[in-house]
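Structure at a glance
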Amino acid sequence: MRYPPLLLSVALLAPASYADIQFNGFLSVVGGVATDEPIRGYEKDATFKNDTLFGLQASADISDKLSMTGQLVSRGENDYATDLSWGYIAYEVTSSFRVRMGRFRIPFYFSSDFLEVGYAYPGIAPSDEVYSVQFDNIEGIDLFYNTSLFDTVNLDVQAYYGSVSTDFVLGDTGQAIDTETRNHVGLVTTFGLGDFALRLSAHNATLSVKNFLDIAIPALKGATMNEFFDESIAATQGQGFDDIVAGIRTEISDIEETRATFVSAGLKYDGEYVFGVVEGTNLTYDKGPSAEQRRYLATAGVNIGSASIFTTFSRADDVYVDLAKPINLTLTPQFAEQAAVLDGISELLGVTSDTITFGIRYDFEPGAALKIQYDSVSTPDPANPNDDITNGLLRFGVDLVF
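This brings us to the overall build of the protein. Across its full length, the protein carries 4 helices and 16 strands. Since a compact globule built from 402 residues should have a radius of gyration of about 21 Å, the 23 Å found for the protein is in line with a globular shape. In terms of its C-alpha atoms, the protein occupies a principal-axis envelope of roughly 75 × 50 × 40 Å. Every one of the 402 residues in the protein was classed for burial, and the buried ones make up 43%. Expressed as a percentage of contacts within the protein between residues at least 6 apart in sequence, the contacts between residues at least 24 apart total 58%. Here the protein has roughly 20,300 Å² of accessible surface; of this, 58% comes from carbon and sulfur atoms.

Our next topic: a nonpolar patch on the surface. Among the surface-exposed residues, F48, I356, F358, I372, Y374, L394 and F396 lie close enough to one another that they form a single nonpolar patch of about 620 Å² accessible area. Among the elements of the structure, β14 (352-365), β15 (368-381) and β16 (384-401) are those that each provide at least two residues to the nonpolar patch. Along the chain, the position of F358 falls in strand β14.

F212, M225, F229, I252, L342 and I345 are the most contacted members of the largest nonpolar core, which totals 48 residues. Looking at this core, the elements that each hand over two or more residues are β4 (81-92), β7 (153-170), β9 (196-209), α2 (225-235), α3 (242-253), β10 (258-270), β11 (274-285) and α4 (336-348). In terms of residue count, α4 provides more of this core than any other element does, 5 residues in total. In contact with F229, other than residues within four places in its own chain, are L213, V245, I248, R249, I252 and L342. One finds V30, I39, Y42 and I124 within the second-largest nonpolar core, a separate group that totals 8 residues.

To continue, consider the pattern of salt bridges. Following the criterion strictly, the structure yields 18 salt bridges and no others. Its salt-bridge partner being R100, residue D142 comes within 2.8 Å of it at the nearest N-O pair. With D142 in strand β6 (residues 137-149) and R100 in strand β5 (residues 97-105), the pair connects residues that are 42 residues apart, well separated along the chain. The pair D142 / R100 is uniform in exposure class, with both members buried.

Each regular strand carries side chains that alternate between the two faces of the sheet. Of the strand pairs in this sheet, strand β13 (residues 307-317) and β14 are connected by 11 bridges, and their pairing is antiparallel. Bridging across to β14, S308 finds its partner in R361. As defined by bridge partners, β14 adjoins β15 across 10 bridges and the pair is classed as antiparallel. Looking at β15, one finds that T355 is bridged to V377. In this structure, the hairpin formed by β14 and β15 is closed by a connection of 2 residues, where G367 is found at a positive phi of approximately 80°.

The next subject is α3. Compared with the 16 Å implied by 1.5 Å per residue over 12 residues, the 16 Å span of α3 between its first and last C-alpha is a close match. For α3, every residue scored as buried is listed here: V245, I248 and I252. Along the long axis of α3, the arc covered by the buried residues comes to 70°, so they all point the same way. Buried positions along α3 lie against α2 and α4.

Model confidence for the protein is summarised by a mean pLDDT of 89, while 92% of its residues fall at 70 or above. pLDDT under 50 marks residues 1-17. Its contacts with residues more than four places away, or in other chains, come to 17 contacts.

Here we take up the environment of G359. With respect to the helices, strands and loops of the structure, G359 is situated in strand β14. It is 13 Å that separates the C-alpha atoms of G359 and A369, two residues lying 10 residues apart in sequence. If sequence neighbours within four positions are ignored, G359 has contacts with S308, I309, F310, I372 and Q373.

Looking now at unusual backbone geometry. Phi angles above zero are rare outside glycine, and Y80 is one such case at about 60°. Its location among the elements puts Y80 in the loop between β3 (66-75) and β4. Here Y80 falls in the partly exposed class, since its relative accessible area comes to 39%. In this structure, N183 is a non-glycine residue whose phi angle is positive, near 50°. A relative accessible area of 41% means that N183 is categorised as partly exposed.

Time to look at α4. Along its 13 residues, α4 runs 19 Å from first to last C-alpha, staying within 8% of the 18 Å computed at 1.5 Å per residue. Among all positions of α4, only Q338, A339, V341, L342, I345, S346 and L348 are buried.

This part is about the pairing of β3. Counted residue by residue, β3 has 8 buried out of 10 residues, so it is predominantly covered. Where strand β2 (residues 53-61) lies against β3, 9 bridges are found, and the strand directions are antiparallel. Residue pairing for β3: G55 is matched across the bridge by V73. The antiparallel pairing of β2 with β3 creates a hairpin that spans 4 residues between the two strands. Sheet topology places β3 next to β4; 10 bridges connect them, and they run antiparallel. Opposite T69, over in β4, you have Y88 as the bridge partner. With antiparallel pairing between neighbouring strands as the criterion, β3 and β4 make up a hairpin whose turn holds 5 residues, including D79 at a positive phi of roughly 55°.

Cut-offs applied
- Here the residue numbering is sequential within each chain, running from 1 through the sequence in written order.
- Whole-chain, interface and lining totals are the exception, using all residues; otherwise, since this is a predicted model, local features are given only for residues with pLDDT of at least 70 and side-chain atom pairs are given and counted only at 80 or more.
- Only hydrogens and water are removed before side-chain values are computed, so all heavy atoms of the structure are retained for them.
- Secondary structure elements are defined from DSSP: runs of H or I of at least 4 residues count as helices, runs of E of at least 2 residues count as strands, and each element is numbered from the N terminus.
- We compute the radius of gyration from the C-alpha atoms alone; for a globule the expected value is 2.2 Å times N to the 0.38, where N is the number of residues.
- Accessibility here uses a 1.4 Å probe with only protein chains present; expressed as a share of the type maximum, an area under 20% marks a residue as buried, one over 50% as exposed, and anything in between as partly exposed.
- Contacts are assigned to residue pairs that have any heavy atoms within 4.5 Å of one another.
- With residues, only the protein chains shown are counted as cover, and all accessible areas are computed by Shrake-Rupley using a 1.4 Å probe.
- Patch membership requires over 30% relative accessible area and the absence of a salt bridge. Like charges are linked within 9 Å, and nonpolar side chains (Val, Leu, Ile, Met, Phe, Trp, Tyr) within 5 Å.
- The salt bridge definition used is simple: a Lys or Arg side-chain nitrogen within 4 Å of an Asp or Glu carboxyl oxygen.
- To qualify as a nonpolar core, a set must consist of buried Ala, Val, Leu, Ile, Met, Phe, Trp, Tyr and Cys residues joined through side-chain atoms within 4.5 Å.
- Strands qualify as paired when DSSP identifies two bridges or more between them.
- Here the expected span of a helix is defined as 1.5 Å times the quantity of residues minus one.
- Directions are taken from the helix axis to each C-beta atom, and the arc is the one they span.
- The quantity called pLDDT is the predictor's confidence in a given residue, expressed from 0 to 100.

Below you can see the structure in the form of structure tokens.
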């Protein structure tokens with residue numbers, strides 16, 4: 001849901017007799033160019049839109065224990081439409097126990113709370129393979145508790161409950177699908193020991209996707225999946241394909257109401273001269289055609305004065321649902337065209353790719369960092385699945401916090 005910038009501004013410009021309001025912000029101005037084929041929204045001609053964004057955050061202490069936070073973000077990839085990313089109240093029950101209610105970031109990853117603040121991490125943007133869940137924010141309640149174990153290990157525990165309503169962008173088609181989650185729960189634990197941190201999380205929700213069978217996909221040349229199944233039944237009438245079609249259609253429609261489970265684990269080292277992180281995620285569905293998402297990354301880097309040099313390897317190795325499995329082409333070769341279309345639907349709902357990243361960051365002023373990053377992205381060749389196609393993406397930009 002999008003909110004006009006004036007929504008928060010009206011409240012912020014009201015007489016501040018009850019609280020002092022503090023403003024903070026962040027800005028990323030990023031340009032990029034694809035070295036070969038178009039990739040991740042970039043082409044051979046340089047553009048400065050996809051990863052450019054501006055955020056403004058306002059916070060106020062209503063009392064010693066009660067506070068509020070609101071954050072507006074304008075993203076270039078969304079034609080600079082402004083969204084209310086955060087809008088919550090927080091109550092400090094004790095110095096170690098906090099309760100929040102409202103809209104806040106879902107804690108899927110190590111860097112969830114600052115995922116859009118480019119200045120907070122080394123590269124231009126987080127890994128596309130791993131940080132790919134499109135449910136960024138949730139409306140609900142969370143509990144946060146901090147304690148110390150054995151006087152040496154810092155333990156953070158976060159539990160939340162809520163719901164999400166968003167438009168899910170399908171693959172490379174750009175089609176937005178009305179999606180929501182209900183009974184969305186999660187638990188996150190983070191153990192800190194010196195420069196090391198270990199993070200474990202688990203999340204579960206009821207996922208609803210509206211009118212999924214009515215979307216058009218490239219494999220059908222503009223037709224919807226419902227039209228494909230209707231035409232397939234008509235074209236193969238009396239050839240024993242009707243029951244197969246009905247079963248596959250039901251399997252695909254199951255995505256309109258299913259349970260989704262997301263788990264993640266990560267280990268981070270943040271030393272004075274060396275830093276690194278290993279993080280893996282897994283997303284599964286109880287039923288439906290969506291692939292099981294298996295993603296992971298490894299980053300290593302060094303700090304040299306005001307500069308940082310790093311490299312990252314990330315992989316998406318999804319397990320596709322074989323929708324064409326019920327069709328035995330040895331016995332029924334006349335259904336080869338339908339099987340090919342079903343394979344196309346399966347591939348649309350999963351990702352297989354590897355990315356090797358090299359980057360340099362230079363903090364040239366307090367709160368300002370200049371970055372250059374090159375990504376080499378390998379994906380399967382559609383004409384020959386045993387071979388890969390490698391595309392390059394060069395990005396450069398400046399990140400600010402203020």
